[in-house]
Structures are given as C-alpha cells and as structure tokens.
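Here is how the chains run, residue by residue.
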Amino acid sequence: MAKKEQDKPKDKKKSIFSDNRLKIVFGIFIIFLSVFLTIAFISYLFTWKADQSFEFSDVFSNADIVVENWSGKAGAWIANLFMNKWFGLASFSLPFILFVIGLRFLHFRLYPIRKTLKILIIGTILFSVLFGFTFGTTNGFLGSGLGGGHGYFIAQWLNSLVGKPGTAFILIVLFVAFSVYTSNLALEWIQKLIDKILQPKTKPEELAAADIETVDNPENKPVFDSLQNNTENFDEEVIDEKLVFTTRKATPENTDTKVTLNEDNNIELEIEPTNQNDGSDEITYELKDYDPTLDLSQYKLPTLELLDDYSKNSDGQINKDEIIANKDKIVETLANYKIQIDKIKATVGPTVTLYEIIPAPGVRISKIKNLEDDIALSLSALGIRIIAPIPGRGTIGIEVPNQNPEIVSMKSIITSKNFAETKYDLAIGLGKTISNETFVFDLAKMPHLLVAGATGQGKSVGLNAIIASLLYKKHPSQLKFVMIDPKKVELTLYSKIEKHFLAKLPDSEEPIITDTQKVVYTLNSLCIEMDQRYDLLKLGSVRNIKEYNAKFIARKLNPELGHRYLPYIVVIVDEFADLIMTAGREIEGPLTRLAQLARAIGIHLIIATQRPSTNIITGTIKANFPARLAFRVSSMIDSRTILDSPGANQLIGRGDMLISSGSDLVRLQCAFIDTPELEKIVDFIGNQRGYPTAYHLPEFTPEGSDDTLEVDLSKRDALFDDAARLVVRHQQGSTSLIQRKFSIGYNRAGRIIDQLEAANIVGPFEGSKARQVLFADEYSLEQYLRDFADNN
C-alpha cells in the first residue's frame, strides 16, 4: 500500500515537458521571442513616427503597407501595443522576464522566476505611471509619451484626484518602497541617512569593528541563517550550491569581507583591504564566535537574595563536651571487648561527627565492625555507621549523629567557593560532607543519577536542590529540563519557567508531564533526539556534545546542513515505581536505551523512587546508573538494592544521605531549600523574557497509528504550496526546516508536513531519519500542484 502511495505522484508528473528535449526546444523558442521583442522595442524608439502613420488594424491585411521596424509588421504591432498604448519604456521588462524563463527551461537559473516576475509586474506599472507623471506626453514621443497610454492616463487620474503635489508624494513613497524591497543598496543608503540624522557621529573604525562583531543579528541565528536572511547587510550569490556573502554594512570603505563555504562545508572568513593608500596599515577583523545566549541576552541568573540563610536559626557551635563524651564512650566500649586503640580523632560535620580510630597492632577490623550495635547502645544514638576501613586513610571510621544537627542551607552551597568557581559542565551543589566541605559533582560525568529514599526522608528536597543548582549556573539556551511527575504535585511549581528551561512534545499542552502515555511518547521522542544528535556528531567529526558545541560556536559547522547548537537536556523522573507499575516495558525500553547511549550527546537522566525494590530498579537499570543517591530507607535489602551495600538503612533522615559514584560511598547532609525559596526563584526567572515556546522535542508517532487519514486536504494551510516548493528545493522533508524558513510555530509546521505527506509530496515519518521527498525538481512539482488544486 505504501509503495502505491509513493508511486502515485510519479504517475502525475508526466506532461508535455516530461521529455527534456521538449524543454530545451521550448526554452530556445522563448529566448528567441525575448530577443525578437527587444529588437522590436529598440527599433520602435527610432521608427515610431513612421510606423504610426497608418492604421495598425490594416497592417496585416494590407500587403502594400511597409513598416520601418526592424522586426517587421509583427514587431511594429507588438511594439506599438506595449510602448504606445500600454506601458511605454517600462515595457522592456517583458523581454527580460521571457529571457529568464527561457534560461530556466535550459536549466540555467539566472534569477528566481516567481520573485522576479512579481518585481517586474509591480515595477512595470509603477515606472509607467512615474514616467507618465514626470514627462507627460513629451510632445507625443512614442505616441503617448515615455509612460505609454496606461501611465499617462493613471497619472492624469491621480492629478485630478489628489492634485499634482499629492500625486508626486504618492509616487515618491511607492518608488522608495519599491527600491527598498528590491535593492539592498537602497535600504542601506536609507539606513545610513537615518543614522546620520538620528545618531551621533562615530569614528569609521569603531563603527566597522562594532558592526563586524554583531553582524546585525538580533536573534543570534547561526552564521549562515543570519547571513542568508539578513538582506540589509549582505548580497547573496549562489554558485554551484556554494554560498558567497559579501558584507556591505559591516566593513569600512577600504575593506571587502567575504564569508564562504569551502569544499569541506566549513565556514571561512576572508577580509581583504581594497583601495588602500600605499604604506597604510592592513585592517583585519575576525568574525565573533556564535553566542547561544544572545537570544535572551538580557537574562539574569537568580540572585542570592532569593535564598534564605538557615544558619542563623542554629548556633553552629561545636559542643566539645559532647565530642569528648562520645570519644570516651567509644574507647570504653571497645576496651570492654579487649580492643585497644592507639589514636582517635573527631571530624565534626553539620549533622554527623566522624571519629577516626587507629587500632593497636593485631586487632582484626571485623571484630570492630561487629560491635556496631553495642557502640550505638553505649552512645544512646541512632544512625551509627562504622566504616572499616576508611579508603585511603588506614583508619576505621565511626559516624555518630550530633545532638544538635545544623541545617545546611542552599544559600551556603551556592555561595561556597567550590560551587562558585567550579568549571563543571553541569555543576550540582548537593550538600556538605562530614568534614563540612561543599560537595559539588558534575552530572555530565556521572552521567545519570538514581535517587531513592523512603517517604519524608528528603528525596523531594534533594531533587529541588539539584534543579536549583543548575538554575543558578546555566543560561536557558544551555540547558533544558524534561520533568516527569506522575504524582502531579511535586514538580508543578516549575511550569512557570516553561519558556526558559523546559522541553516537551510539540503537541503537549502541559509543561510538566504527568500522563503515563505522554511519558512513553516523551521518552521515545528523546530517543529520536538522541539519534539525531549522534548524526550531527558524525557529520561534525566529533565525539561528544562538548566538542560539537565548541566547533559550532567557533562557526566551523554549517547550519544549512542541519547543524545547530545543542543544549544539555536533563530528564527528571519522580515516582519511577509508579511508572513501571503502570507502563512497564514501554517505559523501561526507551529509558534503558537513553541510559546506555545518551551520555555523549548531553542527555542525562535523574530517576527518583521511594521503593527501591528489585522489580522496580532492575539489573539493567542499575548497570547504566553508576551514580546513586540514597536517603534513608526502611531495610538493609533496600539499601543493597540501591547502593549494593548496607548503610542507607542506618541514616538518620531529614536529608542525611549517601552518594555512590563507583566503589566509594560519601555521606552528605543534603542542602535544604524550602518551597517559598523555589517560588521566588521560578518567579524571578519566569518574569524575565523567555523564548516564544518551550523547547520542542522531535515528534513521535506510535507504531500502528496513521495520522495521515485524519488530514483534511480541503483545508490546506495557506503556506502549503510554498512549503512544498521549499522541501523539494532542499530535498529535505523536515518540520524544523519549514518552521525556520517561514518563521512559524512548530505545531503549524507539523500540520503542514502532515498535509504534504497526505498529498504524497513527502514520504511517511521514519523516526530519526528525514522524510523522503517524492519529487525530484520544482517543475514537476508545479505540474502536480496545479493538477492537485484542480482535483481538490
């Protein structure tokens, strides 16, 4: 069935011009007609008096009539029709457009036909009236004057309507508008004139340097998009599909700048001094690196005033008596079991104090390890954990909770030197260690994080601390979140930053994903995004997102080939157990694939659950999540499930946690950030100017669905025909291409691509691959569109 649909348009391509030989013959004929009319019109400038001495109605029937026009009677008749009765000198546009069309049939593209035809029609009418008003009948020159009969009649009608001053004003405005529309030089001249009137004088060198850096690119599009679309500053020339742009505004008068695409599809900038005086210094400029943040150049990171300092609510003093008492009880308990120690020292943390002991020679470590419950009994404390031995120190550690734990505020983490000066790509300040040092890790190197903890032990606060850390470090152009919240209440707060930091499916209304089916679609969409990014890395000859973005920022990758700046995507999944129970394999499949492959292309997963059982956190998931974060859990089995070792069941709760990144376990006190603080942060971000929409993930079509059956081709989009020409010209059936070229939203571009598929102009959706374009050239498409319009 699909094969028949793809063959359908090919049958409709057949026409009188399907034979290339007929195209060539027709092209030669049109060029001949163009030359014939040009000769006739030029001759009419000299022979119009003689040829107007007889009636043209008799010119073909009376053989005695002899004309002086170089193109004979036919040429004299046509020239009189256009030059005298119609448009005057403006009639020379007719042979020109015929010449352009003839060359197109011979496969030479001199100018785009549609645009050229539009300009010439408007120009012919305008200049006819302009000549008619300015020169009148010019003593009968050409019969009706330089503007022809049409120009003279319209000019006289305008004179009677608004008077000569009014007519002059109207024609001047129309002439300026036409010049600006058709000529970059006219627009540039007007801009310079306005600048001279409204702006203070600036040195040419400073102006040139400023312009060459900004390239007049307010939306900070990649260099080729900016250069192609910004007709104010650049003229475009297409030669063998290579783009050459010559700057006109951005360089001083004595330089000429060219941005070219070389054979390796890399961008080259060459600035050559021209018309310089001998002995003058050579002027060189460098094109400024692409800055992804310029779209939101006024964006400001959240301020520290939005966070509360909870250290004011706790004394933060070290209770020496408590430390000495605990030390004595530990020594006494060990002595009761005839275990002698040589040395003991204490390291005081925010909630836990670490006592390091060096046992006497001959004491077995396992003997001390077995006394964990006895030491807890003697100290009358919960959450005691024995680390035997402490890796890299040659000591045995006994962690004892403090009687007056300190609250670690998020503000203290953000202001710490470790966090402020870190160069990590995705820096996360999670909390403080036992030694009171701020613990900062790089999610990009983890590369994924598994979070578990019983209800009320700080898991949600931990997720908020992770998100807040990233919001305090990254610009919206550099980072996007995909937030999945089956409980519908934990992450809803972040919907306010939808247009800054959130990513979602194009057709999704809710920024926070709560529906299980939408979760499945989103994870599959992320797999498509992952495949597309790997294709870009392959084209860019790089291995990871960091190298790719560095190359793109340096303008070494061509956006016309699909290259784009890639933001990091952090996927946060809360209540993973609920998703597994409701969707199972549909969730685990794409999630596992992302965990295995997505690291290099900047997609990182953070999965949280309060039930770390083996049927939820399977071996496949654990194998791809080397970094694990455990808050207090209810049993040793759960601790072994999440950490592969006991310990999480011995934590004291309220943000006390263990983080494992390989073989090492680090005990932390999680930073506390309250809901009012989060509200102030998201309000601060949300009140700033954001992007028009959230970051759109690739569209995902489930297997077995056939959306094309629902497309009503009788209600085609107004851009349907133009979009069809665009995809055929680029041979790329891409929603993002249509969205970018026509400056429309993703949803509308998606509907257009569905209509193109239903009309058999592009092929069906093929996952990460671009849709197949079913027409090879624009001419066959035009024939098909005409037939299609007649039948629909």
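Residues numbered from 1 in each chain as written. Predicted model: local features only at pLDDT ≥ 70, side-chain atom pairs only at ≥ 80, totals over all residues. Heavy atoms only, no water.

This brings us to the pattern of salt bridges. A full pass over the atoms with the stated rule returns 25 salt bridges. Residue D644 pairs with K622 through a salt bridge whose shortest N-O separation is 2.7 Å. Pair noted here: D644 is in the loop between helix 22 (636–643) and strand 17 (656–661) and K622 is in helix 21 (residues 619–623), with a separation of 22 residues, a long-range link. When the shortest N-O distance is used, the salt bridge between D656 and R667 registers 2.6 Å. (Salt bridge = Lys/Arg side-chain N within 4 Å of Asp/Glu carboxyl O. Helix = DSSP H or I, 4+ residues; strand = E, 2+ residues; numbered from the N terminus.)

What follows concerns the packing of aromatic side chains. For the structure on display, the rule yields 19 aromatic pairs. Ring geometry for F439 and F441: centres 6.1 Å apart, planes at 45°, overall tilted. For the residue pair F439 and F441, the accessibility class agrees, reading buried in each case. Just above the ring of F419 sits the side chain of K473; from NZ or CZ to the centre is 5.1 Å. Its end group placed over the ring of F720, R716 keeps NZ or CZ at 5.6 Å from the ring centre. (Phe/Tyr/Trp six-rings, centres within 6.5 Å; stacked < 30°, edge-to-face > 60°. Buried < 20%, exposed > 50% of the residue type's maximum accessible area, 1.4 Å probe, protein only. Lys NZ or Arg CZ within 6 Å of the ring centre and 35° of its normal.)

Core analysis: the largest hydrophobic core is formed by 110 residues, its most contacted members being L430 and F481. Among all residues touching L430, those that are not within four sequence positions of it are I413, F439, F441, G462, I466, L629, M657, I659, L668, Q669, C670 and A671. Listed in part, the 25 residues of the second largest apolar core include F720, I738, L774 and F775. (Core = buried A, V, L, I, M, F, W, Y, C linked by side-chain atoms within 4.5 Å. Contact = heavy atoms within 4.5 Å.)

For strand 9 (residues 427–433), the buried fraction is high: 7 of the 7 residues fall into the buried class. Linking strand 9 back to strand 10 (residues 438–442) in an antiparallel pair, the connection comprises 4 residues, with N436 at a positive phi of about 65°. (Pairing = 2+ DSSP bridges.)

This brings us to the side chain of T47. Following the sequence through the fold, T47 ends up in helix 2 (residues 20–51). Among residues more than four places away in sequence, those in contact with T47 are E68 and N69.

What follows covers unusual backbone geometry. Cis geometry marks the peptide bond from M446 to P447, where omega comes out at -5°. Examined against the element boundaries, P447 turns out to sit in the loop between strand 10 and strand 11 (449–452). Its identity is not glycine, yet K488 carries a phi of approximately 70°, on the positive side. With respect to the helices, strands and loops of the structure, K488 is situated in the loop between strand 12 (479–484) and helix 16 (498–501). Backbone geometry places D644, a non-glycine residue, at a positive phi of 65°.

Quick look at the sheet that holds strand 5 (residues 341–348) now. Taken together, the 4 strands give an open sheet; going across it, the order is 5-6-8-7, and neighbouring strands pair in antiparallel fashion. Of all the strands in the sheet, the pair left with one neighbour each is strand 5 and strand 7 (385–390). Each adjacent strand pair in this sheet contributes to an overall mean axis angle of 20°, direction not counted. Two strands pair when backbone bridges link them, and strand 7 and strand 8 (residues 395–401) are joined in this way by 4 bridges, in the antiparallel orientation. Bridging from a neighbouring strand, I387 pairs with G397 of strand 8. Here helix 10 (residues 320–336) sits on the sheet and contacts strand 5, strand 6 (352–359) and strand 8; the angle it forms with strand 5, its principal contact strand, is near 145°. (Axes fitted to C-alpha atoms, helices over the stretch in contact; angles between N-to-C directions.)

To continue, consider the environment of G462. In this structure, G462 sits in helix 15 (residues 459–471). Judged by its relative accessible area of 2%, G462 is buried. Distance in space between the C-alpha atoms of G462 and C670 is 6.4 Å, their sequence separation being 208 residues. Filtering out sequence-adjacent residues up to four positions away, G462 remains in contact with L430, F631 and C670.

For the rest of this paragraph, the subject is helix 10. Between the first and last C-alpha of helix 10 there are 24 Å, a value that for 17 residues agrees with the 24 Å anticipated at 1.5 Å per step. Buried within helix 10 we find E322, I323, N326, I330, T333 and L334. In a view along the axis of helix 10, the buried residues occupy a sector of 100°, so they form one face of it. For helix 10, the exposed residues set more than 90 degrees away from the buried face come down to K320, D321 and N336. As for helix 10, its buried residues are in contact with strand 5, strand 6, helix 11 (365–369), helix 12 (372–379) and strand 8. A positive backbone phi angle near 60° is found at K338, which sits one or two residues after helix 10. (Expected span 1.5 Å × (residues − 1). Arc of directions from axis to C-beta.)

Along the polypeptide, E757 turns up in helix 26 (residues 746–758). Reaching out from E757, the side chain makes a polar contact with the side chain of R771 at a distance of 2.6 Å. (Polar contact = N/O pair within 3.5 Å; in protein donor to acceptor, adjacent residues only side chain to side chain.)

What follows concerns the confidence of the model for the protein. Note that predicted coordinates carrying low pLDDT should not be read in detail. Considering every residue of the protein, the mean pLDDT works out to 79; 80% of them sit at 70 or more. Confidence drops under a pLDDT of 50 for residues 1–14, and excluding neighbours within four residues, the segment shows 17 contacts in the predicted structure. This model gives residues 243–284 a pLDDT under 50, and the stretch forms 101 contacts once residues within four places in sequence are excluded. (pLDDT = per-residue confidence, 0-100.)

With mixed pairing, the 9 strands of this open sheet are ordered in space as 10-9-18-17-16-11-15-14-12. At either end of the open sheet lies a strand with only one pairing partner, and these are strand 10 and strand 12. This sheet shows a mean twist of 30° between the axes of neighbouring strands, independent of strand direction. Two strands pair when backbone bridges link them, and strand 11 and strand 15 (residues 603–609) are joined in this way by 4 bridges, in the parallel orientation. The residue bridging A452 from the neighbouring strand is T609, located in strand 15. Lying over the sheet, helix 15 contacts strand 9, strand 11, strand 12, strand 14 (568–573), strand 15, strand 16 (627–631) and strand 18 (665–670), oriented at roughly 130° with respect to strand 9. Contacting strand 12, strand 14 and strand 15, helix 19 (residues 576–583) crosses the sheet at an angle of about 90° to strand 15.

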